[in-house]
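Below are the chains, spelled out letter by letter.
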Amino acid sequence: MSEMNVNPNRPFKEAVCVDVMRVFDSCAAQECLEDLEFTFDEEAQEEINEATYIKAKCIEVESVTFAVDPVPFNKGFYTVDVTFNFSAQIEAYTSSSTLPTLVYGTASFSKKVILFGSDGSTQRFVSGQTSTTVAISQASGCACCCDCGSLPTAAVNIAPPMCLDASLNTSDDGNIVTITIGIFAIIQLERPVPIMIPAFDYCMPEKECSTNTDSPCELFDKISFPTSEFFPQGLEASGNCCCNETQTDTESDEASTTS
C-alpha cells in the first residue's frame, strides 16, 4: 500500500458524509459438493466416452447468480438463492494413447440462505445509469411492486474451489464425470447508506511517480535472488494456492467397478 501523508494522532478536521455499501448480515459456508455431475459439449463428450480414466486438473467458479426475495411475515429478512457455475479442466486418457486430451466441462450448484437485509421503501437512481440499483434486478418475481419496496444487494466472496475427488462412471448414454468439490464462501446482504466519518485531511501520497529508464540488465540486477525457489518447503510451509495441487487421478479400475 502506498504511504499517505496522514497523522492519525492529530484531531480530525471535519466530519464528512460518504455513501458506502453497509453489510447488514452475512454467513460463512463450507460446502462439500459430493459427486457433482459435469456436462460437456458434443465433441468433448465423445472424448469422455472413449476415456478409460481422467484427471481433474483445475476447478474454477466462472460466475455466480443471485435471486433475492423477501421472507413473508418476517420483515427485513430475505431468502438469497446463490447459484455457483463451475468450469473444470479435465485430462481424458485412453488405453490407446499415452497423451491425454484436454476437455472442459461445466456444472452448477445452488444454495439458499436466509439473511437480514433491513428494509427500505425508496428507489435509488444514479446519474449516468438507465436503471435502478442492481439489487432490484436481482429479485425473482416482483421488482417494483407497491408491496415490495427496495431490495438489498446480495454478494458472495469465494475462495478458489478445491478438487477433492473425481470419478469416471459408465451409463447407457456414455461415460459420466463426477467431481467432489470443496468451497469456502461468505454470503452477505448489503445496502447503500450515507455514513458520517471523521476526516483528517485529503490523502496525499508521499512517493513520487518515477519513469523506469534502467536497461534490462540493470532492472534484473535489482531483483532479489529467489532463494526459496531452490529449496523444497516442508509441510508446515505449504499452502493451497493452486487448484491443481488437490487434483485427483481416477484410475480405470474405479470406472470398471462402478459400471
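So, here's what we can say about the structure. (Residues numbered from 1 in each chain as written. Predicted model: local features only at pLDDT ≥ 70, side-chain atom pairs only at ≥ 80, totals over all residues. Heavy atoms only, no water.)

## Quick look at the environment of threonine 106
Short version of the rule: In this description a helix means any DSSP run of H or I spanning at least four residues, a strand means any run of E spanning at least two, and both kinds are numbered starting from the N terminus. For the exposure calls, accessible area comes from a 1.4 Å probe over protein chains only, and a residue counts as buried if that area is under 20% of its type's maximum, exposed if over 50%, partly exposed in between. Two residues form a contact once any of their heavy atoms are found within 4.5 Å.
The topology assignment puts threonine 106 in strand 4 (residues 101-116). Residue threonine 106 is classed as partly exposed on the basis of its relative accessible area of 36%. Sequence separation of threonine 106 and glutamate 37 is 69 residues, and the distance between their C-alpha atoms is 8.5 Å. What threonine 106 contacts, discounting residues up to four positions off in sequence, is Glu37, Phe38, Thr39 and Phe86.

## Considerations on the side chain of serine 150
Inspection of the secondary structure puts serine 150 in the loop between helix 2 (134-137) and strand 5 (153-158). Non-local contacts of serine 150, meaning those with residues more than four positions away in its chain, are made with Tyr78, Gly120, Ser121, Thr122 and Arg191.

## Observations regarding the environment of tyrosine 93
As for its placement among the helices and strands, tyrosine 93 is situated in strand 3 (residues 77-93). Given a relative accessible area of 8%, tyrosine 93 falls into the buried group. Along the sequence, tyrosine 93 and threonine 52 sit 41 residues apart, while their C-alpha atoms lie 6.0 Å from each other. Those residues in contact with tyrosine 93, other than ones at most four positions away along the chain, are Ala51, Thr52, Tyr53, Lys55, Thr98 and Pro100.

## As for the nonpolar core
How we decide: Residues belong to one nonpolar core when they are buried, are Ala, Val, Leu, Ile, Met, Phe, Trp, Tyr or Cys, and are joined through side-chain atoms within 4.5 Å.
Formed by 37 residues in total, the largest nonpolar core has its most connected members in Phe38, Phe86, Ile179 and Ile181. Elements with a contribution of two residues or more to this core: strand 1 (14-38), helix 1 (42-50), strand 2 (53-70), strand 3, strand 4, strand 5, strand 6 (162-171) and strand 7 (174-199). Residue contributions to this core peak at 8 residues, all from strand 3. In contact with isoleucine 181, not counting residues within four places along its chain, are Glu31, Cys32, Leu33, Leu36, Phe38, Ile59, Phe86, Pro161, Met162 and Leu164.

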